[in-house]
Amino acid sequence: MRLDTQVLNGRARTAAGLRQSRGGQSVLHHHNTSVMMHHNARQQQQQRQKKKQRQQQQRESGVRGSPACFATAAPMKDAESVSMVEQLQKTRLITAIKTPYLENGKFDLKAYDRFLEKQIENGVEGVIVGGTTGEGQLMSWDEHIMLIAHTVNAFGHDIKVIGNTGSNSTREALHATDQGFNVGMHASLQINPYYGKTSEDGLREHFRRVLDMGPAMIYNVPPRTGQDITTEIMESLAVHENFIGVKECMGNERIAYYTSKGIKCWSGNDDEAHDARHQAGAVGVVSVASNVIPSIFSKLMGAKAQPELNEKVQDLISWLFAEPNPIGVNTALCMTGQVKPVYRLPYMPYNKQMREEGYKLMKEIGEDIVGHESLRVMEDSEFTVLDFF
């Protein structure tokens with residue numbers, strides 16, 4: 001399959017002697033004079049002193065900071081935290097929201113806002129910002145926190161905003177979670193350390209530290225992390241006042257066990273979510289498919305079981321997960337015109353044969369597909385795949 005690929009060479013990445021590093025910070029290529037170095041050092045020292053003063057003032061006043069300020073914030077107050085935990089524990093339909101891109105690979109915030117408006121109109125009650133589906137793993141932390149702040153500012157009164165600020169580094173998870181609460185997110189999503197796995201004691205301490213920051217949902221997805229968060233560990237975490245519950249991907253038997261113990265659960269598997277809600281006692285679902293069919297998932301998570309409707313969407317759900325998430329949902333949203341056909345590598349669209357299959361499935365569902373009026377198969381040449389953005 002031929003795809004239009006935009007590749008930026010080293011010269012294009014370099015301007016005025018500066019080169020962008022992986023962490024998003026500028027690295028100076030030319031040496032300054034000793035006078036300039038002394039001047040800069042003095043300025044930096046003054047800035048650090050001012051920052052410390054602002055942080056101290058915020059701690060004393062209880063202010064968590066404005067959306068434009070990423071200063072360190074004090075952990076959420078107990079009463080405020082408990083109230084938010086209770087509100088979040090009633091949130092049934094949470095979409096792991098897609099992040100749309102412009103042709104240059106930057107965030108398409110206009111498309112994002114239109115997309116979120118449609119989600120809210122169709123019954124979505126919360127969003128995970130910068131999760132796996134939203135490609136937080138391809139974002140710098142500056143991008144990540146900015147998108148959380150934007151979501152809170154634009155939609156925080158209408159929807160619960162959960163920032164995916166977890167990390168396999170406790171230090172990084174704490175810093176990102178601190179920033180997320182500082183810009184107003186309602187809760188964090190926390191994953192167990194992946195790849196560089198730790199012990200059970202390490203897991204408990206890692207989660208305890210992030211739970212101390214404010215309301216958090218724990219995410220258990222062993223196929224991605226390579227390590228199951230056992231029921232014993234989860235039960236020990238559940239006593240923490242900031243523990244919302246668990247996004248559980250280990251099936252409805254596990255969910256039923258947790259609900260019998262009074263632990264709130266959200267299914268992390270779209271194909272099992274209806275039965276998780278109506279048979280296993282889950283509060284709801286953290287859904288990928290609700291990016292495409294939010295109104296249907298709102299009905300599936302309602303008070304009354306909808307077995308026939310659930311069966312109707314199973315083929316589409318299978319298609320969405322035929323390749324690793326978020327490849328399927330990205331392709332579907334491009335085909336319905338909800339987002340521009342722009343990909344950040346390593347993700348690629350489905351091939352044309354798969355798109356033709358998806359077209360038929362979405363056509364069968366009809367008006368419940370957001371953007372069904374614009375649905376088409378698309379040609380390979382319409383997709384842009386970026387390796388630098």
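Residues numbered from 1 in each chain as written. Predicted model: local features only at pLDDT ≥ 70, side-chain atom pairs only at ≥ 80, totals over all residues. Heavy atoms only, no water.

## Brief notes about the overall build of the protein
When helices and strands are counted, the protein shows 16 helices and 14 strands. Per-residue burial for the protein yields a buried fraction of 49% across its 389 residues. Counted over contacts in the protein with a minimum sequence separation of 6, partners at least 24 positions apart contribute 70%. Carbon and sulfur atoms provide 48% of the accessible area of the protein, an area that totals close to 18,600 Å². (Helix = DSSP H or I, 4+ residues; strand = E, 2+ residues; numbered from the N terminus. Buried < 20%, exposed > 50% of the residue type's maximum accessible area, 1.4 Å probe, protein only. Contact = heavy atoms within 4.5 Å. Areas by Shrake-Rupley, 256 points an atom, 1.4 Å probe, with all protein chains shown as cover.)

## Section: the pattern of salt bridges
Applying the stated rule across the entire model yields 13 salt bridges. One salt bridge in this structure joins D212 and R208, with 3.1 Å as the shortest N-O distance. Overall, D212 belongs to the partly exposed group, its relative accessible area being 31%. With relative accessibility at 34%, the residue R208 sits in the partly exposed group. (Salt bridge = Lys/Arg side-chain N within 4 Å of Asp/Glu carboxyl O.)

## A look at the environment of T132
Of note, T132 is situated in the loop between β6 (126-129) and α5 (141-155). Residues T132 and N325 lie 193 residues apart in sequence; the distance between their C-alpha atoms is 7.6 Å. Beyond its immediate stretch of four places on either side in the chain, T132 contacts Q137, R224, N325 and P326.

## Let's talk about the sheet that holds strand β8 (residues 187-191)
The strand order around the closed barrel built from 8 strands is β5-β6-β7-β8-β9-β10-β11-β12, with neighbouring strands paired in parallel fashion. The sheet shows a mean angle of 25° between the axes of neighbouring strands, taken without regard to direction. The pairing of strand β5 (residues 93-96) with β6 spans 3 bridges and is classified as parallel. Bridge pairing links T95 to V127 in β6. Across the sheet, helix α7 (residues 200-211) touches β8, β9 (216-220) and β10 (243-248), and the angle it forms with β8 is around 170°. (Pairing = 2+ DSSP bridges. Axes fitted to C-alpha atoms, helices over the stretch in contact; angles between N-to-C directions.)

## Concerning the pairing of β10
For a regular strand, side-chain orientation follows a simple rule: the groups alternate between the two sheet faces. Counted residue by residue, β10 has 6 buried out of 6 residues, so it is predominantly covered. Summarising the sheet, β9 and β10 pair through 5 bridges and their orientation is parallel. Bridge pairing in β10 links A216 to F243. Across 3 bridges, β10 lies against strand β11 (residues 265-267) in parallel orientation. Across the sheet, residue E248 finds its bridge partner in β11, namely S267.

## A few points about the pairing of β8
Counting buried positions along β8 yields 5 of 5 residues, so the element is predominantly enclosed. Burial along β8 is two-sided: the face carrying A187, L189 and I191 and the face carrying S188 and Q190 are both buried. In this fold, strand β7 (residues 160-164) hands off to helix α6 (residues 170-182), which returns the chain to β8; that crossover is right-handed. The pairing of β8 with β9 spans 4 bridges and is classified as parallel. Residue L189 lies in a different strand from β9, and its bridge partner there is M217. Between the parallel pair β8 and β9, the chain is carried across by α7, and the sense of this crossover is right-handed. (Right-handed = clockwise from strand over helix to strand, strands pointing away.)

## Quick word on the packing of α5 against α6
The interhelical angle for the contact between α5 and α6, taken along N-to-C directions, is 35°, at an axis separation of 9 Å. Here α5 runs over α6; the crossing is right-handed. Of α6, the residues touching α5 (which contributes W141, I145 and I148) are E172, A176, Q179 and G180. (Left-handed = near helix turned anticlockwise from the far one by under 90°.)

## Focus: the nonpolar core
In summary, soluble globular proteins display a tendency toward joint burial of nonpolar side chains. Residues V292, I293, F297, L316, W319 and M362 are the most contacted members of the largest nonpolar core, which totals 61 residues. Core analysis: the next-biggest nonpolar cluster, separate from the first, contains 20 residues, I229, I255, A276 and A280 among them. (Core = buried A, V, L, I, M, F, W, Y, C linked by side-chain atoms within 4.5 Å.)

## Details of helix α10 (residues 252-260)
Those residues of α10 lying buried are N252, R254, I255 and Y258. For α10, the angular spread of the buried residues around the axis is 155°, confining them to a single face. Set apart from the buried face of α10 by more than 90 degrees, the exposed residues are E253 and S260. Elements that come into contact with the buried residues of α10 comprise β9, α9 (231-237), β10, β11 and α11 (273-278). In the segment just after α10, G262 is the residue with positive phi, at about 85°. (Arc of directions from axis to C-beta.)

## Overview of the packing of helix α15 (residues 327-335) against helix α16 (residues 352-365)
Close contact between α15 and α16 brings their axes to 11 Å; oriented N to C, the two are set at 70°. For the element pair α15 / α16, the angle class is roughly perpendicular. Every pair of crossing elements has a handedness; the one defined by α15 and α16 is right-handed. Across from T331, A332 and M335 in α15, the residues of α16 making contact are R355, G358, Y359 and M362. (Parallel < 35°, antiparallel > 145°, perpendicular 65-115°, else oblique.)

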